[in-house]
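For reference, the chains in residue letters:
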Amino acid sequence: MALLIKNGEIVTADSRYRADIYVENETITRIGQSLDAPPGPEVLDAAGKFVFPGFIDPHVHIYLPFMATFAKDTHETASIAALIGGTTTYIEMCCPSRQDDALESYRLWKSKAEGNSACDYSFHMSVTKFDANTEAQLREIVRDGISSFKIFLAYKNFFGVDDGEMYQTLALARQLGVIVTAHCENAELVARLQESLLGLGKTGPEWHEPSRPESVEAEGTNRFATFLENTRASGYVVHLSCEAALKAALAAKERGVKIFVESVVPHLFLDKSSAESAGLEGMKYVMSPPLRDKRNQRALLNALASGLIDTVGTDHCPFDREQKLLGKDAFTQIPNGIPGIEERVNLLYTYAVARGNLDLHRFVDAASTKAAKLFGLFPRKGTVAVGSDADLVIYDPSYHGTLSVSTQHTNNDYNAFEGMEIDGRPSVVTVRGAVQVRDGKFVGARDRGRLLKREPLHF
Ligand code: URP
Ligand code: ZN
Ligand code: ZN
């Protein structure tokens, strides 16, 4: 089915111009002025709107057994939420625990997504232990089209690896040309601080942030960078939350370490005061690294604007109120995670671009193009060009609305951004040429999504 998008203002990471776009067989085949089309294609008028490349969320959790429960979304609910918010591709963290077999887990994660996602997807493969089977299993997973790993320096005894395992993972990644993403917090310090706070009777959600202070994240970031430096592997710090950790990453970048940085929307637009509310209200805002003191947001936004922070993801990870209450007696038992897959693009557009703090091209780069380039999806994804997949977002900058649980598609019973106003939203979203969202409503096929095979490129 062909599609003609007329009169839009195309914006990519490095260009901005008015032109029509013609799509055939899932692909952009022509871009030009006043394009004529043979009879038959659907014609969409994008006058007064931007046409962006489909946005890419490089960090989501959908199927996730974690903290005695499971994250709430399915691929069906998460992908529809993603598409409503303009995200046409996500990369899910495949997260076995240390007790699980890596290859079996990879197959399980794939089976959860297959035929159930309305948008395209891939996985980062978590390495949560490094034993005699690990190298062969990881080689097989890379051959299957997964060109990025994930390690956790946090979550001792569950997902967390020790320094020896981190070294082995990075050394293998360097050989394979795979990029390693990392959750950077010092697991030992977190465990000790948690123990000591609980020992003092400090059990509420307001103690989550003090149990994982900024220095603990800065140490993890610096250690990851030092290991990258000495293995010459390429690395990507996920959900960097504070200025102290940013400084550690930037110091490594300055030394020539191949390190890239992601921030996520909760850290950019929420702060620790939300998690300081008593009881359930505070628990809704518990994630790791924690929401920080607001002063960090200026440093993060400045680094994002100048490109020192490379990408913006979500770390989407919904737990409902009943699940959050697992931690009513101890903040260490509150399932960690905040959803945001549906809100990411509109929040970034509203509170960074529309407020004059982020250039429109850097916005496209951080929310789409850079992730495509780092994770082996470019130029198939991440740009508007002849030959690219026709993943397109016709974005209405004149829309005005309010985020709310009552209108969300994410499978959860609260919205962490409840009441925040947005100035702009996708009016039409296509996945490989098929219209999946129209006027803010999902109208497409629930099984449209495909697993994206990715080649290693970090040699
Ligand atoms: O709190 C978080 N971030 N939950 C998801 C797991 C992780 O650390 O990414
Ligand atoms: Zn994490
Ligand atoms: Zn995560």
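Up top you'll find the structure we're talking about.
Residues numbered from 1 in each chain as written. Chains lettered and ligands numbered in written order. Predicted model: local features only at pLDDT ≥ 70, side-chain atom pairs only at ≥ 80, totals over all residues. Heavy atoms only, no water.

1. A few points about the site of ligand 1
Part 1 of the argument: Close contacts around ligand 1 come from His59, His61, Phe152, Tyr155, His183, His239, Met287, Ser288, Asp315, Cys317, Asn336 and Gly337, and that covers them all.
Part 2 of the argument: The contact in question runs from a nitrogen atom of ligand 1 to an N or O atom on the backbone of Asn336, over 3.0 Å.
Part 3 of the argument: When isolated, ligand 1 has an accessible area of 260 Å², and the protein chains bury 100% of it.
Part 4 of the argument: Partitioned by chemical class, the residues of the shell around ligand 1 number 4 nonpolar, 7 polar and 1 charged. (Near = heavy atom within 4 Å. Polar contact = N/O pair within 3.5 Å; in protein donor to acceptor, adjacent residues only side chain to side chain. Areas by Shrake-Rupley, 256 points an atom, 1.4 Å probe, with all protein chains shown as cover. Nonpolar A, V, L, I, M, F, W, Y, C, P; charged D, E, K, R; others polar.)

2. Quick word on the pattern of salt bridges
Part 1 of the argument: Taken as a whole, this structure holds 36 salt bridges when the rule is applied.
Part 2 of the argument: A salt bridge links Glu209 to Arg292, with the shortest nitrogen-to-oxygen separation between them at 2.9 Å. With Glu209 in helix α6 (residues 208-211) and Arg292 in the loop between α11 (279-283) and α12 (295-305), the pair connects residues that are 83 residues apart, well separated along the chain.
Part 3 of the argument: The class of Arg292 is buried, set by a relative accessible area of 3%.
Part 4 of the argument: The partner of Asp310 in a salt bridge is Lys253, and the shortest N-O contact between them spans 2.9 Å. Here Lys253 lies in helix α8 (residues 243-254) and Asp310 lies in the loop between α12 and β15 (311-313), a separation of 57 residues in the sequence.
Part 5 of the argument: Classification of Asp310 as buried rests on a relative accessible area of 1%.
Part 6 of the argument: Relative accessible area serves as the criterion here: at 23%, Lys253 is assigned to the partly exposed category. (Salt bridge = Lys/Arg side-chain N within 4 Å of Asp/Glu carboxyl O. Helix = DSSP H or I, 4+ residues; strand = E, 2+ residues; numbered from the N terminus. Buried < 20%, exposed > 50% of the residue type's maximum accessible area, 1.4 Å probe, protein only.)

3. A few points about the sheet that holds β15
Part 1 of the argument: Spatially, 8 strands are ordered β6-β9-β10-β11-β12-β13-β14-β15 in an open sheet, and the strand pairing comes out parallel. The open sheet has two edge strands with one neighbour each: β6 (55-60) and β15. Averaged over neighbouring strand pairs, the angle between their axes works out to 30 degrees when direction is ignored.
Part 2 of the argument: Looking at chain direction, strand β9 (residues 87-94) and strand β10 (residues 120-126) are connected through 6 bridges and run parallel. Along β10, the bridge assignment pairs Ile91 with Ser122. (Pairing = 2+ DSSP bridges. Axes fitted to C-alpha atoms, helices over the stretch in contact; angles between N-to-C directions.)

4. As for the coordination of the zinc ion (ligand 2)
Think of it this way: four donors in a tetrahedron around the metal ideally sit 109.5 degrees apart, and six in an octahedron ideally sit 90 or 180 degrees apart.
Part 1 of the argument: The zinc ion (ligand 2) binds to the protein through His183 (ND1) and His239 (NE2), with metal-donor distances spanning 2.1 Å.
Part 2 of the argument: Every donor counted, the 4 donor atoms about the zinc ion (ligand 2) form angles of 57 to 150 degrees at the centre, which fits irregular coordination.
Part 3 of the argument: In this structure, the zinc ion (ligand 2) lies 3.7 Å away from the zinc ion (ligand 3). Pair noted here: His183 is in strand β12 (residues 179-183) and His239 is in the loop between β13 (234-237) and α8, with a separation of 56 residues, a long-range link. With respect to class, His183 is no different from His239; both count as buried. (Donors = N, O, S within 2.8 Å, 3.2 Å for Na, K, Ca; no water. Tetrahedral: all angles 85-135°; square planar, octahedral: opposite > 155°, others 65-115°.)

5. Quick notes on the environment of Val178
Part 1 of the argument: The residue Val178 is located in the loop between α4 (163-176) and β12 in this model.
Part 2 of the argument: Measuring from C-alpha to C-alpha, the distance between Val178 and Leu198 comes to 40 Å, with 20 residues separating the pair along the chain.
Part 3 of the argument: The contacts of Val178, once residues within four sequence positions are left out, are Val142, Ser147, Ser148, Phe149, Ala173, Ser234, Pro456 and His458. (Contact = heavy atoms within 4.5 Å.)

6. Points about the packing of aromatic side chains
Part 1 of the argument: As enumerated under the stated definition, the model contains 21 aromatic pairs in all.
Part 2 of the argument: Note on Phe66 and Phe159: the rings are 5.3 Å apart at their centroids and 20 degrees apart in plane angle, and the pair reads as stacked. With Phe66 in strand β7 (residues 65-66) and Phe159 in the loop between β11 (148-152) and α4, this residue pair connects regions lying 93 residues apart in the sequence.
Part 3 of the argument: On the basis of relative accessibility, which here comes to 1%, the residue Phe159 falls in the buried class.
Part 4 of the argument: Here the aromatic residues Phe50, Phe52, Phe55, Tyr349, Phe363 and Tyr395 are joined through ring pairs into a cluster of three or more.
Part 5 of the argument: Lying over the aromatic face of Tyr22, Arg30 brings its terminal NZ or CZ to 4.8 Å of the ring centre.
Part 6 of the argument: Over the aromatic face of Phe378 sits the side chain of Lys373, whose NZ or CZ is 4.8 Å from the ring centroid. (Phe/Tyr/Trp six-rings, centres within 6.5 Å; stacked < 30°, edge-to-face > 60°. Lys NZ or Arg CZ within 6 Å of the ring centre and 35° of its normal.)

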